[in-house]
Every structure is written in structure tokens, then in C-alpha cells.
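Analysis of the macromolecular model
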Amino acid sequence: MALEAVIGLECHIQVATRTKMFCGCPAEFGAAPNSNVCPVCLGLPGALPVANRAAVDAALRLGLALGCEIREESVFARKNYFYPDMPKNYQITQYDRPMCEGGALPVALAAGSRGFPLIRIHVEEDTGKSFHPERHGDRRISRVDFNRAGVPLLELVTQPAFRDPAECAAFLTALRRLVRWLGISDGEMEKGHLRCDANVSLRPAGQSELGTKTEIKNLNSIRGVERGVTAEIARQNLARLSGERIEQATLLYDADHDRLAVMRSKEHAHDYRYFPEPDLPRLRVEAAWRDEARAALPELPWTRAARLEREYAVPAYDAQVLGERRELCDYFEDCARGADGKLASNWIMTEVLRMTNERGWSIDDWARRVPPDRLREFLARVSARDIPGPLAKQVFTWLADEEGGVAELLDRHRVRVQASRDDLLPLVREVLNQNPGPVAQYRGGKIATLGFLVGQVMKKSAGQAVPQVVQDLLKAELGGQRPPS
Amino acid sequence: MSARESWRYSAARLSNEVRRGAVTAMEAVESGWEGPAREWEARVHAVAHHDAAARAAGSRAAVKGPLAGVPVLVKDNLCTTDYPTTCASRILAGWRSPYDATVIERLRRAGAVVTGKGNMDEFAMGSSTEFSCYGPTRNPYDLTRVPGGSSGGPAAAVAYGLCPVALGSDTGGSVRQPAAFCGVFGLKPTYGRLSRYGLVAFGSSLDQVGIFARHAGDVALLFETLGGADPCDATTRRTAAPDVSGWDRGVAGLTFGWPANLWAEGVEREIIEGLEDAAARLERAGARRVTFDFMPGEFAVATYYLVATAEASSNLARFDGVRYGFRHDDSSDLRALYTRTRTGGFGPEVKRRILLGTYVLSAGYYDAYYLTAQRARTRIRREYDQAFEKCDFMLLPAAPTLPFRLGEKTEDPLAMYLSDIFTIGANLAGTPGLTVPVGMTPEGLPRAVQLLGREDGEPELLRAGRAIEVGGEPARLGRETEREFAWPSKR
Amino acid sequence: MAIHREELIRIAELARLEVPEEDRDAMCRQLSEVLEFAESLRRLDLEGCEPSVFAPADSPLRDDRPDARRLDAARATAGAPESEDGFFLVPPIVENLEP
Ligand SMILES: [Zn+2]
């Protein structure tokens, strides 16, 4: 009996607001322990929450981008359980009336694009951080820091719509791109901006009802999700083969050892006693706010990628790479408008991305140094075969490091591009004289030899000749006609 | 009157004397401690924390505002930076808040001085101030009787003369019932009119900060000072608090409801006499009585004990021995730390209510109990809405009995809960209520009535309270002592 | 009785409270009494009564601006039973065990 896996994801997205979800503490990362805290996020007696508009707005934008239904009046609820990184021993979240429901995220897969349907998106608060137990005198202790407590989170729950771990990874990659695109989150999984739990069950292929599911927590990288889910599918398969029943359980994925550990919990432990948060009014998102947010949404990555393919005649692969980040897309479009799209995309995808990577610059850093008009001029020169290839790379580097247009840069570095017939003809003739053998081979029908001759001329010109011009001259000198066949 | 006797002044008069320089803030604050407190505090035990240095600092910092130099005893569940805030619970033993509650901030901004923290039932759970980790407060009119609760300390302190006004909190009658037992005014405002920021939560949807005073005018003065929206409390209303400046305008043209079915049985004779006395005073002052039946209080009590305990079970989860307060020493693992800290830190009544609330919210019971109670609450609000179509306010008992004796109800929770039968409805409906003293019984216990108003009905309640205050036979709290509170001669 | 001993133990565990053996019967009785009293709500006609909400509907959301309520680590941990270097200290948190 063939079994198929059914996987659902629960993603937590940390919203990049200035302040926390329910208080005015900075929501930044990396401060000294317990220094970004106040009575509210420390859960001091008497403190009360007030919801942050910017976090709600982020949920709204994400919900709209994914085509969710936005509830005009949603409800905050308390989820009650004891944990030392939770200041109040309850988490303010949303339960039976979340802000967004339904919707889907389009994901580009090898077999084409597919929309993965969502159940809901809601707003909640993050917990603090506790550290691995350590020795402290004659006993062991854990340290707790509440700087992260109360940072806004969006929880996004998918339908159990995934069939294999690769789909999960592709979904997360697309989700990460979207939250960055919308400016909601930095989306860096290593920093915990994006976290993921997965529900996994197996069932006979073709059966519609779901098997017993287990939940894997702690999937903190896209690779981790892929490997954790793979491991759990294997574990469940093995259990079934040996006739065991799958027990509902919570598992922790240990990425360092690629291992799953069952989380022990006392009987009856999971009774969260949800009830509406009495300290907060209902969360109202009026039609006007919703419509305004909808109108202000940027063109979404999947729509934009399709348009780039269409408008700039770039291959689908290029459109995907460029569409990874909104500012990259913007830069590309500014450079490619009225130019050779494919050429612009080649230079941006290879050279711009390589250089920004090497130097740790953002696309915005790059665009400040090389505004689109400068790159456009450069591309025009390359496109007109004004600059030979090896020289073009050099000019490109000068472009990044220095001021001025292409002509100015060439002057400054005392480079004369040898593009004219008069400049090059003496070199061409010299090469033909010095290489009688290859010349004979060429004339004998070995066309590939032309490449060798072009190379020799380029060498003599110290890389300053334009290869296409050299090639034309060589052909003319070798007889003004095609080699005999 | 000398500065030493300034404890007899109303808050309005006292601040006036301080502003014009006749009395210093220090004298105003200390006079209650040097006079009446010397005689009564050791026996009554109204105060949970006091600190002469903190009072002196507070007096020096007092600005010449509308409450200049006025000493205020605040219940021990309001966060203050200059005194411990412990909710009379072992679990918060010695805890000092790093912040002031919004109402405390507003008091200080008006020139008032926090004169100490008032004793209370632990976490405001109780109706007698017997459930305090510091021991009970006694009724200053009869030391064998309770002062009511849970804000028994502030009520008793205002009654014996420590300070002219005090702050409590009222979740199910915790200001109005002790006000009645101690013979002072006690206001529970409309939900959302006074900030709860810094009031340690018990039942979040029911809690309101309340005001004790010896005069209707002082209640108005404090309400004006404290009321209004607070950006730190999302449950406060944005609109301006109702204008109570007309508290002395009289009641001509107002109608009051007389739901006599409520005291047909189970209410002591002296209480009914007090109601009739108050009704007569109101009618003499030009108000009109309308009689109708009103929903019996049992439904409200039932609803209340489901909603309040559910919210409390969650609100009190934060007391776990990690970030503040008491921690049980012998806790090698976290589960033990939580369980031992909470078991050792909370008193019996608090544990009882946490257990009840946990049960009410737990899987399988939520719909039957919590959800039903929240629906019943809507029904109760409607009953109030309908009543206030027929009248401007209702006249009711504040409690079914005169102050009961210490120990009388501590072993019978349900009987204790039923002593709130007339006050709980207003918390469920979110509407205001005012306890008004109406003299004394022949054996020397205070008698009082309760006025219940519609949402934002504080102006009418205060006008009526004032009419009752000045309209009666010159009793101990009557017209002649309006500005000069006189403690009854020693019993 | 509405609450039996097993039920009492279950909710006590959820609430992280311990009810000593000798108090359990009394506690069950007291809680059951209140719950039985609460049964009176069944006599109330709740037709058309939605669960009530108390916080006012006009309450504004907060602007995303820092405020002055922030505490430094020393003040944040001042009331803690045990703290060190700005951290709160607790018995070891074993990651795969619910405390
Ligand atoms: Zn904070």
C-alpha cells in the first residue's frame, strides 16, 4: 500500500516594527539582556496591553497580498500555559476570530506555479528567550531575557496542502520573499524572524481523510524544514511498517544532529483555556483602512516576475532571480527601460549581485553608487560594441568605485578603446604575418582557427580592441570572403 | 481650627487651606497620623504599609493643585513607587513597583500625597478584609465586626479620620459594600472612566478604581481629578468623563427607581429603614419615586462568580516566583517552583477562586459556564438599560446586612459571595454605583444605601448622594458636620 | 457534586496549585456549591443574548512610537527572587519538558 505524506505548516513572522506589539519598548534585536522591557512586556502586576497599529497594518497587508478575507472585527484571546519565557503565563493571540482567513500563496515549482491555500493569519506577541541550562555554583540554572517578549508576530497557518518536503521549502522561500517585499519583516530565519512548525501525517495514497499527525517544532531554517519533515516522514513510514500506531505527539527537531526528539508533556497538559482578552477591545479594521491598504500594495512578486518576462523579454529564470527582492526589481527596471533587457539582466544578475555580495552592500547601497542612468550608459556602450569584454568588466568596477561616466573613466585610466579600423589594421596584419600555420589551416577550412587569431590580436592590443571589429577585419584580410568549403 | 485638627476637613477645604498657606502639606498629611491614627490604627488596622519618610517626601513634592496636600490612603493593589504593592498577599511580599498607576500619577499631579497603602482582602477577593496576609481590618464602629471588603482598609481609614479620601477597587462591590459598613461615601464609576493601568487585575472586565470620601463633594472632586481616557489602558473611553461639577444642584425633577421586590426577604430591617429614610429625603428634595420589580440579584452573583474567577485564574498566572515577589526556596525544577511558590504564596480564598476559574475555562466546560455567563451578562445589562428608561437612578441596599462579625462567613464561601448580591450587577453591567451613608442604627452601626445609575450617570448619583447627605436629621454625618468631620465620642 | 477529586487534581495541576490531601473533599464541596448555584443561570432566558464585550469599541490603536515606560535591566530585575547580570535565573529549563 503506497503511503503519501500530508504536511501543513505553521509559520511565525516577526514584524519589523519600531516598538513591540502591546507596549512602546524597542523591538530591536541584540540589546543587553532585559534592557528593552517595561511593565507591560515584563508582565508586571497592573500593566495593560495596547495594540500597535503598525503591526496590525502589517497583518492587513500580508492578508491582502495573499487574498485572505479580512475580518472587520477580530478578537484577541489569551492562550494560557506556564512557561518561564512567557511573562504573564498567557500569550495574547487570536483564536476563534482571527484577522485574516483563507487566501493562498503562489509558489514557483519545477512543474509550474501553484497556489498553496492558507487557513488563517493572525496577530500575536512573541515570547522572551531562555538559555540552555548551565552550572551555577552547586546547581544548574537557566537564564531568561525578556527583550523579545512582546515583539509582534504574525502567525500564518496553511492547509495541509504539501505532499513533500521540497514543496514546504519552496513555500517558505516564497513566503520569505513576500514578507521582505512588503517590508513586513527582514525574514531572516537564522535570526528567528521567520520560524516554522510542521504537521506531518501519512495516509494511503488517494484516501481523503487524514492520518494521525505529529507536530515538529524548532524548524529554524529552510533546510531544517526540509530535513525535519523528511526525517519525520521516514520515522512514520518505519513505524507503520513495523505495525506501530502513530501517536499524536510534539517533536523537536535538532538541526545539529538531524534528529527528532519527542517532547514529553504531562497528561492533560494542553488545555490552553482560550478566552477573549478582556484588556483589549475588539480589533477593528474598517473598510476605509482596508481599502487604503489594498490600494497602497505594491505589485506582488509573482505578478511582477511574469511582467518582467513579458516586457523585457528575459527568461523565466532571470525573472525569478530579479524578482527575489523588490529593490532589485526596481533597479533592473530602471536600468532596462528602453535598453536591452537581457543584457541588463545579465549584468545585474552576475556582476551587480556578485559585487554587492562580496562587499556586503545592499541593492540600495549599490544604486546610490551606480544610479540607473550610469549603468544604462554603460550598457548602451557595451551593447554598441564600444567596449571589449575584458575591458567592460574593468570599467564596471571603476563604475562602482569612482565617479563619472564611461568616457571619463576611460580617460582617467588612460585607456583608449581601439575600435577603429585604422587603429587595428596594423595589428591584424602583424598577427597574420606571424602565424602562417593557422592562416593556412583557416584557409584549409578549419574555421575555428579564427578564434585563435582574434585572441592573438586582442593580446597585442592589451585587451583594448573590440573583438567583433577584430574578427571582421581578420575575415576581410584573409580574403574578403568566406573560407573555401 | 489648628493645623493639628486639619484631619477633620473635607479634601476640598483642606487643599484650599494648603493652597492659601494656612496649613502646610506636611501638617495636612501628618494630622491624621498624629490625631485619629494614634487612637485607632492599632485597633482597626486599616493600613498595610506606611512610611514616614515616604510621606515626608510626598508632602515636600506636593504641588498646589486641586488636591494640594490632601492625604490619600490607596488600596494595596494600586501600584506606587514609594510604598510596597502587595495586594495583601504573601506572593508579592515586599514587592515595590517600578511605576505608578495612572490614577496615582494623576493624584500626585493634583498635589495629593499618598499617605500609605490600605489593607484589603488578598487580591481583592473577599467581602470582609479578613483574607489579608497582614491580618484583618476591623470596623471602627465596632471592633468585633468587619469593615466590609475587599477595600476594608481604605474605607475604615476614611471613617476613623486618617484621611478625608481614599482609593479602593470595586470588582463586585469592593468599594460600595465596605463604604456602607464604615458609613462613608463610596463610588464605583462607569467601566472605562478611571484608568486601570497599575491596578493589579482581578477580573479585568469588572474591575474599576473606586473613591471613598466623607462628603459627596469630595467624591466629585476626586472623580474630576482621576477620570478620563488613558493611552495606557485600552479599556478606557476616549470621550470626556461626565461633568460632575453640578453635584450640589439638588434633585428636583429626577426620578428614582424603588425595586422593592429585591428586599422582600433576606434583608435586615435596619437596612430597609435606611432605604425608606433615604427615599424620604430624596422626595423632600423634589425627586419622584417610581416603583417597579427588578431582576433578583442571584443571577448576577452566579454570573459574576463564573466571569470574575475565569479572568482571575488567568490574571494571577503571572505570580510564579520568576520575575518578582515570593519564591519557594526548595524548588529544584520549574514545575516544583511554580507549584510550591503558588501554593505557598496564595491564601485559601485566592486558591479557591483560581481553581474555580480554571475549571470554568477548561476544555469541555467553557461553553456551559464561561460562555453562558457572558451571555447572561448581556441579559443583565439589558435589565439595567430597561430600568433606566423608567428612572434616572435606582435606590437599593448596598448590602443585605449590617456589618457582620469577624469569622462569621470565612468558612462559607457562598454565604460570603451572597453579601455582594446588590452590588455585583453594576460591575456586570459596567454602570456606576454610589454608596451613601444615612446615619446610624440605634446600636451605633452605620446605615447606608446604594444608588445605581446608568452608564455615565455619575452626575445624577452625586446630586442624589448630596441630597441625602444634607437632607436628613442631623445625624453624625449630617449637615452640621459637612465640613468638619467629627469622630463619635469614644464607645 | 459537580467537581470530583480527579477533576480537582486535574485543574489544580493546570493552575500550578497543590491541594493537600486532607483539604480535597472540602474544596470539591465548596467549588461544587458555587457551580450548582451557577446552575440558576439555566432559568434565565438567553435568547438573542450574545456574549458581552466590555472594552469600548472606539478605543484607538497605539502609534508605533517608543514611550517613556522602558526600564533598564537593573530596575527590571530589582524585584526578582534571583537574577544575575541582567538575567532572571530559574531552575533549568529542559527543552523537551513542559514545566
Ligand atoms: Zn515593553
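Quick summary incoming for the structure in this document.

Rules used in this analysis
Residues numbered from 1 in each chain as written. Chains lettered and ligands numbered in written order. Predicted model: local features only at pLDDT ≥ 70, side-chain atom pairs only at ≥ 80, totals over all residues. Heavy atoms only, no water. Helix = DSSP H or I, 4+ residues; strand = E, 2+ residues; numbered from the N terminus. Rg over C-alpha atoms; globule rule 2.2 N^0.38 Å. Buried < 20%, exposed > 50% of the residue type's maximum accessible area, 1.4 Å probe, protein only. Donors = N, O, S within 2.8 Å, 3.2 Å for Na, K, Ca; no water. Tetrahedral: all angles 85-135°; square planar, octahedral: opposite > 155°, others 65-115°. Contact = heavy atoms within 4.5 Å. Buried area = accessible area lost by both parts, 1.4 Å probe. Salt bridge = Lys/Arg side-chain N within 4 Å of Asp/Glu carboxyl O. Polar contact = N/O pair within 3.5 Å; in protein donor to acceptor, adjacent residues only side chain to side chain. Nonpolar A, V, L, I, M, F, W, Y, C, P; charged D, E, K, R; others polar. Pairing = 2+ DSSP bridges.

Moving on to the overall build of chain C. Within chain C, the regular secondary structure consists of 3 helices and 2 strands. Reading chain C from its N terminus to its C terminus gives the helix and strand order α-α-α-β-β. Expected size for 99 residues packed as a compact globule is a radius of gyration near 13 Å; at 23 Å, chain C overshoots this value by more than 25%. Across the 99 residues of chain C, 52% fall into the buried class.

Residue and element names in this part refer to chain A. The zinc ion binds to the protein through Cys23 (SG), Cys25 (SG), Cys38 (SG) and Cys41 (SG), with metal-donor distances spanning 2.3 to 2.4 Å. The coordination sphere of the zinc ion comprises 4 donor atoms, whose angles at the metal cover 98 to 117 degrees; the geometry is tetrahedral. Positions of the donor residues of the zinc ion, expressed as sequence spacing, correspond to C-x1-C-x12-C-x2-C.

Attention shifts here to the interface of chain A and chain C. In this complex, chain A contributes 61 residues to the contact, which on the side of chain C involves 41 residues. Where chain A abuts chain C, roughly 4,400 Å² becomes buried across the two surfaces, and 57% of that area is made up of carbon and sulfur atoms. Where chain A meets chain C, there are 4 salt bridges. Counting the contacts that link chain A with chain C gives 22 residue pairs in polar contact (both at pLDDT 80 or more). Where the side of chain A that touches chain C is concerned, the elements lending two or more residues are α1 (53-65), β11 (139-145) and β18 (283-284) of chain A. Ranked by residues supplied to the side of chain A that touches chain C, first place goes to β11(A) with 7 residues. Here the side of chain A that touches chain C is composed, by residue class, of 32 nonpolar, 15 polar and 14 charged. In the sheet, β11(A) pairs with strand β2 (residues 87-90) of chain C via 3 bridges, with the strands oriented antiparallel. If you follow Arg143(A) over to β2(C), its bridge partner there is Leu89(C).

A cis amide bond links Gly149(B) with the next residue in sequence, Ser150(B), at an omega value of 10 degrees. Relative to the elements of secondary structure, Ser150(B) occurs in the loop between β3 (113-118) and α5 (152-160). Positioned with a positive phi, Ala124(B) is a non-glycine residue whose angle comes to about 70 degrees. Of note, Ala124(B) is situated in the loop between β3 and α5. Here Arg16(C), not a glycine, exhibits a phi torsion of approximately 55 degrees, which is positive. By the element assignment, Arg16(C) lies in the loop between α1 (5-14) and α2 (24-38).

All names here are of chain C. Looking at where Cys28 falls in the secondary structure, it is placed in helix α2. What makes Cys28 buried here is its relative accessible area of 1%. Expressed as a C-alpha distance, the spacing of Cys28 and Ile3, which sit 25 residues apart in the sequence, is 5.6 Å.

Taken by themselves, the reported measurements are silent on function.
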